[in-house]
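The lines below spell out each chain.
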Amino acid sequence: MSKVTNILVCGVGGQGVMTATEILAEAAISLGFDVKKTEVAGMSQRGGVVTSHLRFGSEVLSPQILPGEADLLIGFESAEALRWGHMLRPGGVALVNSGRIVPPVVNIGLFDYPEQPVAQMRALGLRVHDFDATALAVQLGNIRLGNTVMLGASSDWLPFPAEVLRDAVLARFGSRKPKLVDVNREAFEAGRRAVAGETLAA
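Note that the structure is a prediction, hence the values are computed from the model and not measured.

Participant: Run through the layout of surface pockets, naming residues and quoting values.
Facilitator: Gaps left between atoms are located by rolling a probe of water-molecule size over the structure's atoms. For the largest pocket, the calculated volume is near 740 Å³. Taken together, 31 residues make up the lining of the largest pocket; nearest its centre are Gly14, Gln15, Gly16, Arg144 and Asn147. Broken down by secondary-structure element, the contributors of at least two residues to the lining of the largest pocket are helix H1 (17-30), helix H5 (133-139), helix H6 (146-154) and helix H8 (180-194). Here the residues of the lining of the largest pocket are counted per class, giving 14 nonpolar, 14 polar and three charged.

What follows is the structure, encoded as structure tokens:
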């Protein structure tokens with residue numbers, strides 16, 4: 001990755017996009033990086049679109065990621081990942097939840113949902129790794145674990161050890177309810193396994 005790491009996280013309200021970005025930021029801060037982030041939430045509590053920009057490095061002047069500069073696109077929802085695919089730099093990577101969550105703007109007829117968003121991303125020449133994070137979360141007993149699954153999937157694509165992000169996840173959720181530690185650890189590792197072997201060295 002470049003000297004400043006640029007991560008764009010996108011999805012719909014209720015998926016934990018903002019929480020995931022905060023945890024990524026906390027992990028980077030714990031290592032002494034300069035961190036900047038910004039969020040755009042449209043009706044986030046009602047399933048509207050949500051995007052978060054996160055930048056960290058030795059010195060970061062602006063939180064805004066420009067088109068063509070994102071090292072990593074973390075798509076909690078595949079149609080949103082397609083919509084923000086232009087933000088990836090050449091050689092950047094998109095990690096995409098293939099579980100379909102249709103936002104209200106589609107249900108009320110303002111937009112059409114793409115038939116095969118991941119296939120369309122690949123047709124654009126984007127490097128995409130997709131997996132059903134929603135199904136993995138449900139298998140673990142709580143659909144809200146989807147954000148931890150996505151974080152686990154992203155952990156081997158970061159410029160620091162996966163354990164740093166894992167510890168940030170467990171610190172965040174364990175501080176609220178200690179019993180959440182084990183299930184979030186399982187969700188994190190499930191995400192890592194979902195993209196096992198598909199790291200930057202690949």
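After that view of the structure, there is still more to cover.
Participant: Run through the packing of H6 against helix H7 (residues 162-174), naming residues and quoting values.
Facilitator: Closest axis-to-axis distance for the H6/H7 pair is 10 Å, and the angle between their directions is 160°. Looking at the two axes, H6 sits roughly antiparallel to H7. Our pair here, H6 against H7, has a crossing hand that is right-handed. Between H6 and H7, the residues in contact are Asn147, Thr148, Leu151 and Ser154 and Leu165, Val169 and Phe173, respectively. Across the contact of H6 with H7, the residue classes tally to four nonpolar, three polar and no charged.

Participant: Tell me about a positive patch on the surface, residues and numbers included.
Facilitator: On the surface, Arg144, Arg176, Lys177 and Lys179 cluster together into a patch of positive charge. Relative to the elements of secondary structure, Lys177 occurs in the loop between H7 and H8. For Lys177, a relative accessible area of 46% translates into the label partly exposed.

Participant: Account for the pattern of salt bridges, with residues named and values stated.
Facilitator: All told, the structure shown has 12 salt bridges when counted by the stated rule. For Lys37, the salt bridge identified is with Glu39, shortest N-O distance 2.9 Å. Since its relative accessible area comes to 29%, Glu39 is described here as partly exposed. The network of salt bridges with common partners includes Asp156, Glu163, Glu189 and Arg192.

Conventions adopted
Residues numbered from 1 in each chain as written. Predicted model: local features only at pLDDT ≥ 70, side-chain atom pairs only at ≥ 80, totals over all residues. Heavy atoms only, no water. 1 Å grid on protein atoms, 1.4 Å probe; cavity = no way out; pocket = protein on both sides within 12 Å on 5 of 7 lines; lining within 4 Å. Points joined across faces, edges and corners; volume = space filled by probe spheres on them. Helix = DSSP H or I, 4+ residues; strand = E, 2+ residues; numbered from the N terminus. Nonpolar A, V, L, I, M, F, W, Y, C, P; charged D, E, K, R; others polar. Axes fitted to C-alpha atoms, helices over the stretch in contact; angles between N-to-C directions. Parallel < 35°, antiparallel > 145°, perpendicular 65-115°, else oblique. Left-handed = near helix turned anticlockwise from the far one by under 90°. Contact = heavy atoms within 4.5 Å. Patch = residues over 30% accessible without salt bridge, like charges linked within 9 Å, V, L, I, M, F, W, Y side chains within 5 Å. Areas by Shrake-Rupley, 256 points an atom, 1.4 Å probe, with all protein chains shown as cover. Salt bridge = Lys/Arg side-chain N within 4 Å of Asp/Glu carboxyl O. Lys, Arg positive; Asp, Glu negative; His and termini not counted. Charge placed at Lys NZ, Arg CZ, Asp CG, Glu CD. Buried < 20%, exposed > 50% of the residue type's maximum accessible area, 1.4 Å probe, protein only.

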